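# An overview of the molecular structure
Read off the chains here:
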Amino acid sequence: MTKKISKTRAGNPVWNFFTSVKLTVVVLLLLASTSVIGTLIPQNSSEAFYIQKYGEVFYNLFSSLDIFDMYGSWWFILLLVLLSINIVVCSMDKLTNTWKIIFPQKVNFNIERFRRLKIRECFDIKGDVNDALARCEGIVRGEWQTTVKEDAVLKEGAVSKENALSQDSTGKTLMGGGVIFAESGRWTRLGVYVVHVSVLLMLAGAVAGSVWGYKSFVAIPEGETVGGSYLRGTNEYIPFGFDLRCNSFSVTFYDTGHPEEFKSSLTVIKEGEDVLTSDIVVNDPLRYGGLSFYQSSYGTHSARNVALKITSSGSGMSYVKVVEFGQTIDMPESAGTFTLNEFVRGYNFRGHDLGEGFVGTFIPASPMGDRGDESMGIQRDESMGDKGDQNVVSPGVEVYMPLKFPSFDKMRRGEFIFEVDSYEKKYYTGLQVTKDPGVWYVYAGFVLMIMGCWITFFMSHRQICVEITPKPGGIGVTIYGTSTRNSQGMKLKVMRLAKKLKTP
Amino acid sequence: MNSSMLLSITTFVYALASVFYIASWTFKKDILSKTGMFILVAGFTGNTVGIVLRWIESYQLGYGRAPLTNMYESLVFFSWTMAALYLFVEYKYRERIIGVFATPLIFLAIAYASLSPSISSRITPLIPALQSNWLIAHVVTCFLGYAGFAVAFGFSIMYLMKPDMPGPGSLMSRLPSFDTIDELIYQMVMFGFLFLTIGIITGSVWANSAWGTYWSWDPKETWSLITWFVYAILIHLRLMRGWHGRRISWVSIIGFMAVLFTYFGVNLLPGLHSYAFLTLDFLPILS
Ligand code: HEM
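Residues numbered from 1 in each chain as written. Chains lettered and ligands numbered in written order. Predicted model: local features only at pLDDT ≥ 70, side-chain atom pairs only at ≥ 80, totals over all residues. Heavy atoms only, no water.

## Notes on the domain arrangement of chain B
Residue and element names in this part refer to chain B. Split by domain assignment, chain B resolves into domain 1 (1-124) and domain 2 (127-277). Its C-alpha centre places domain 1 at a distance of 20 Å from the equivalent point of domain 2. The partner domain 2 presents 32 residues to the 25 residues of domain 1 that form the contact. Taken over both partners, the interface formed by domain 1 and domain 2 buries close to 2,600 Å², and the fraction arising from carbon and sulfur atoms is 82%. Broken down residue by residue, the surface that domain 1 buries against domain 2 is led by Trp25, Leu85 and Phe101, which jointly contribute 24%. Across the domain 1-domain 2 interface, the total number found is one salt bridge. Its salt-bridge partner being Arg174, residue Asp30 comes within 3.8 Å of it at the nearest N-O pair. At the boundary of domain 1 with domain 2, the tally comes to five residue pairs in polar contact (both at pLDDT 80 or more). Those elements that place two or more of their residues in the side of domain 1 that touches domain 2 are α1 (3-27), α3 (71-93) and α4 (103-115). (Domains from an automatic or database assignment. Contact = heavy atoms within 4.5 Å. Buried area = accessible area lost by both parts, 1.4 Å probe. Salt bridge = Lys/Arg side-chain N within 4 Å of Asp/Glu carboxyl O. Polar contact = N/O pair within 3.5 Å; in protein donor to acceptor, adjacent residues only side chain to side chain. Helix = DSSP H or I, 4+ residues; strand = E, 2+ residues; numbered from the N terminus.)

## Here we look at the site of the ligand
Taken together, the neighbourhood of the ligand is formed by 21 residues, with A:Cys90, A:His196, A:Arg485, B:Tyr186 and B:His236 sitting nearest. More than one chain lines the surroundings of the ligand; the residues nearby belong to chains A and B. One of the side-chain nitrogen or oxygen atoms of B:Tyr186 is found 2.6 Å away from an oxygen atom of the ligand. The contact in question runs from a nitrogen atom of the ligand to an N or O atom on the side chain of B:His236, over 2.7 Å. Elements with a contribution of two residues or more to the shell around the ligand: α3 (21-40), α5 (74-102) and α8 (191-212) of chain A together with α7 (219-239) of chain B. Looking at which element gives the most residues to the shell around the ligand, the answer is α5(A), with five residues. Class assignment for the residues of the shell around the ligand results in 13 nonpolar, six polar and two charged. (Near = heavy atom within 4 Å. Nonpolar A, V, L, I, M, F, W, Y, C, P; charged D, E, K, R; others polar.)

## A short note on the interface of chain B and chain A
Counting from both sides, the interface comprises 51 residues of chain B and, opposite them, 58 residues of chain A. For the pairing of chain B and chain A, the buried interface totals around 4,700 Å² over both sides, and the portion due to carbon and sulfur atoms is 71%. It is B:Pro128, B:Leu194 and B:Tyr214 in chain B that bury the most area against chain A; as a group they hold 13% of the surface buried on that side. Here chain B is connected to chain A by one salt bridge.

## Things to note about the sheet that holds strand β12 (residues 328-330) of chain A
Residues and elements named next belong to chain A. Read across the sheet, four strands follow the order β12-β13-β16-β17 without closing on themselves; strand pairing throughout is antiparallel. Single-partner strands in this sheet number two, and they are β12 and β17 (397-402). Averaged over all adjacent pairs, the angle separating strand axes in this sheet is 30°, with direction ignored. As paired strands, strand β16 (residues 357-364) and β17 are joined by six bridges and run antiparallel to one another. If you follow Phe358 over to β17, its bridge partner there is Met401. (Pairing = 2+ DSSP bridges. Axes fitted to C-alpha atoms, helices over the stretch in contact; angles between N-to-C directions.)

## Quick word on the coordination of the iron atom of the ligand
In the first shell of the iron atom of the ligand, the protein supplies A:His196 (NE2) and B:His236 (NE2), at 1.9 to 2.0 Å from the metal. If you look at the iron atom of the ligand, its six donor atoms make angles of 85 to 180° with each other, and the shape they trace is octahedral. On the criterion of chain membership, the pair formed by A:His196 in helix α8 and B:His236 in helix α7 is interchain, its members lying in two chains. (Donors = N, O, S within 2.8 Å, 3.2 Å for Na, K, Ca; no water. Tetrahedral: all angles 85-135°; square planar, octahedral: opposite > 155°, others 65-115°.)

## So, the environment of A:Val192
Note on placement: A:Val192 falls in helix α8. On the accessibility criterion, A:Val192 (34% relative accessible area) is partly exposed. (Buried < 20%, exposed > 50% of the residue type's maximum accessible area, 1.4 Å probe, protein only.)

## A look at the pairing of strand β3 (residues 178-184) of chain A
Residues and elements named next belong to chain A. Among the seven residues of β3, seven are classified as buried, and the element is accordingly described as predominantly covered. Alternating residues of β3 divide into Gly178, Ile180, Ala182 and Ser184 and Val179, Phe181 and Glu183, and every residue in both groups is buried. Here seven bridges tie β3 to strand β19 (residues 462-471), and the two strands are oriented antiparallel to one another. When the bridges of β19 are listed, Gly178 appears paired with Ile468.

## Overview of the pattern of salt bridges
Residue and element names in this part refer to chain A. Throughout the structure, instances matching the rule amount to 10 salt bridges over all chains. Arg412 is paired through a salt bridge with Asp409; the nearest N and O atoms lie 2.8 Å apart. Taken together, the shared-partner salt bridges connect Glu222, Arg304 and Glu424 into one network.

## A closer look at helix α2 (residues 30-60) of chain B
End to end, α2(B) covers 45 Å across 31 residues, agreeing with the expected 45 Å (1.5 Å per residue, within 8%). Note on α2(B): the residue one or two positions beyond its end, B:Gly62, has a positive phi of about 90°. (Expected span 1.5 Å × (residues − 1).)

## What to know about helix α10 (residues 487-502) of chain A
Each full turn of the α-helix corresponds to 3.6 residues, which orients residues three or four apart in the same direction. End to end, α10(A) covers 22 Å across 16 residues, agreeing with the expected 22 Å (1.5 Å per residue, within 8%). Those residues of α10(A) that fall on the buried side of the exposure criterion are A:Gln488, A:Met490, A:Val494, A:Leu497, A:Ala498 and A:Leu501.

## Some remarks on the layout of surface pockets
Empty space within the second largest pocket amounts to approximately 720 Å³. Residue assignment for the lining of the second largest pocket shows that the elements contributing at least two residues are α9 (439-458) and α10 of chain A together with α3 and α6 (178-211) of chain B. Class assignment of the residues belonging to the lining of the second largest pocket gives a composition of 14 nonpolar, six polar and eight charged. (1 Å grid on protein atoms, 1.4 Å probe; cavity = no way out; pocket = protein on both sides within 12 Å on 5 of 7 lines; lining within 4 Å. Points joined across faces, edges and corners; volume = space filled by probe spheres on them.)

## Here we look at the packing of α2(B) against α3(B)
Residues and elements named next belong to chain B. Running from N to C, α2 and α3 point in directions that differ by 145°, and their axes come no closer than 10 Å. When the axes of α2 and α3 are compared, the crossing they make is left-handed. When α2 is examined against α3, the residues Met37, Leu40, Val41, Phe44, Asn47, Thr48, Ile51 and Arg54 are found in contact with a partner set consisting of Tyr72, Glu73, Val76, Phe77, Ser79, Trp80, Ala83, Ala84, Tyr86, Leu87 and Glu90. (Left-handed = near helix turned anticlockwise from the far one by under 90°.)

## Concerning the pairing of strand β6 (residues 237-253) of chain A
Within a regular strand, the side chains alternate between the two sheet faces. Residue and element names in this part refer to chain A. Note: strand β5 (residues 225-231) against β6, five bridges, orientation antiparallel. Among the inter-strand pairings, Thr225 is bridged to a residue of β6, identified as Arg245. Between β5 and β6, which pair antiparallel in sequence order, lie five residues; one of them, Gly233, sits at a positive phi of approximately 90°. Two strands pair when backbone bridges link them, and β6 and strand β7 (residues 259-270) are joined in this way by 10 bridges, in the antiparallel orientation. Within the sheet, the bridge partner assigned to Ser250 lies in β7 and is Lys263.

## Here we look at the confidence of the model for chain A
Residues and elements named next belong to chain A. Of all residues in chain A, 84% have pLDDT values of 70 or greater, and the mean over the chain is 79. Counting interchain partners and residues more than four positions distant, the pLDDT-below-50 stretch residues 145-175 has 52 contacts. A low-confidence stretch, residues 369-393 stays under pLDDT 50, and its non-local contacts, those more than four residues away or across chains, total 41 contacts. (pLDDT = per-residue confidence, 0-100.)

As structure tokens, this is what we get:
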């Protein structure tokens, strides 16, 4: 029955097309050469970027060919599909044969096949043929069993003896010489299939990952809790199914200024209960509930324990006050109150961005007490530009304290000068959140790929044959060897065996 | 003596070894190549000690890291892997003249590291993404792979140079037989392929542990995959009838060009890193 199948297969042009190694070469060549495109043309950038870089015409051409996301394009996927079909069909086609070689119903050797081999050693020895045969068998058995020892399968390394000239009509053993065959590593012929299967496993894992998995990102300020993350690309919100709190984030530096470690302490919260607390660093993610959380970025979210230096222009005295966000403190010299409002990433001052800084409100005790210089125009909100001029209750003066320019507030020429003396940063931690149910298939593929390559490249199915024939005045010995690869190694093996047989 | 000095000296020792091998070939004196081999072993020892010394120095500086993380260190290590592989092949195949085609490569890599003004030999600390044992596994295996391809490249040149009918006693007749060279090339390619495979795999496991993505089609990754495809093609071409010797030599040369591009050329490409927000150079050891 198997014969019938293989016959219909052999006649099938589609089947033949996919069994061909030529197809493999063509597909691999196409994969290699098209992959170059994606390294020359930046992938997944914005439309504006591409139009500016390549112009309208090329933009339209490239985008119709999916060049801007080529590794996910239909034609690239098609190449991978072709490769997969090629591997499956080719392996099925070859395996039937290989299987017969590896697990034959009856191990039989054909001396004629060996006699055609290139690797051989011919020499004469003295002595009795049967002794020589026995000795040779002993040596071969010893050698080839050790090479096979790692393998428990009995069939391998089995030494079969075939005494072609050994019987005469009386049934007595003649001194007719004989042939000894030995082999090892039949199973290594399976290595290629392991390699090919591993390619399929990796591709399957990649597909599973892209269908059932996702990659997303979330930033959590220290002390805060989130319940989901945002998909890369679309920014769609995906809930975790639990909550995640960032207890703290820390970054340490070498004295050269290079960062040494980024560390976040995270707590998983389920139904209001802390279930797991774990520190993560780059290269050591947190895995929970099918999700993995990777330390991938960080930044300053705000600050705490902000120490302000408040200098009175009148008395020349300086005071240091520690304040938190939202807190209102009494000013020194009973001059009013000050509230620390927020930490801002950027601040527009006459068209310049002054960068990160603190914003607070100073409410003088006497409404007209601290008018400041309105022409400075440091207020962020134009509608508040002329406060203090009116005799209504003033909302106060907005004070901006940029981190980069500590003495900036001097320019306001107010009654008090505000300056940030010190503060503790409050960070946010940036986490890459991924779900990839395919990764274990890919990893299994990795393991098989390495094993398969090792087996195919460094192990082989080796066979030897020693032919011992009586000659007038001595014994003629010929050793033939063959191996699925590394003929140099086989040559050396045969030479070594010859040397052993020559020395009585 | 610090490591960079020792490695500079090593560069000249390797140069001397090449000179001896080439002299042995041109002047047909076996004693010269034998001397060359001993000089090569001396250079290899210096190379090894230099790498170990650098490791110790990094501890003294308080960084404590394997010396495998920048261009300088990777080139020095590349020389080391090529020298190790070549010495093994010479020992195993008992062919000495082939050193003519391998030792210059060993010298060139370390010379480029030591002499190029754009490559700094300063020891810098490791940024967090690089602090991983996968990194060490990744670099070691990648460079073993590259070494295999480099030596295969040298042998391919040898194959192509050898005329079909070298005159008896001529320079070319001293080269190994076509069959031997052909087998040597394939052995080296298989060695390189196995280790490049492990290199790509360890790199991708590392990327997954650091960034949560085992593959991101970063130019460097993509080019190492292209290289891998080229050698996979070579392997299959060889299994098809008729692809031996000269043709395989050409494919092996093309493959080595891909290796060089992966190693040096990728830096010239528009560097769009998939994880730019990390401000980390993605897969930086290969850069
Ligand atoms: C990326 C994909 C592939 C990889 C990495 C790969 C790898 C390998 C390796 C390492 C070998 C062993 C070479 C040797 O014996 O020296 C091999 C052999 C082989 N491959 Fe592939 N291969 C791939 C795809 C394919 C495909 C699609 C086919 C389908 C025709 C194929 C057909 C073969 C055949 C027929 C052999 C020889 C088997 C034998 O010696 O009996 N390969 N492949």
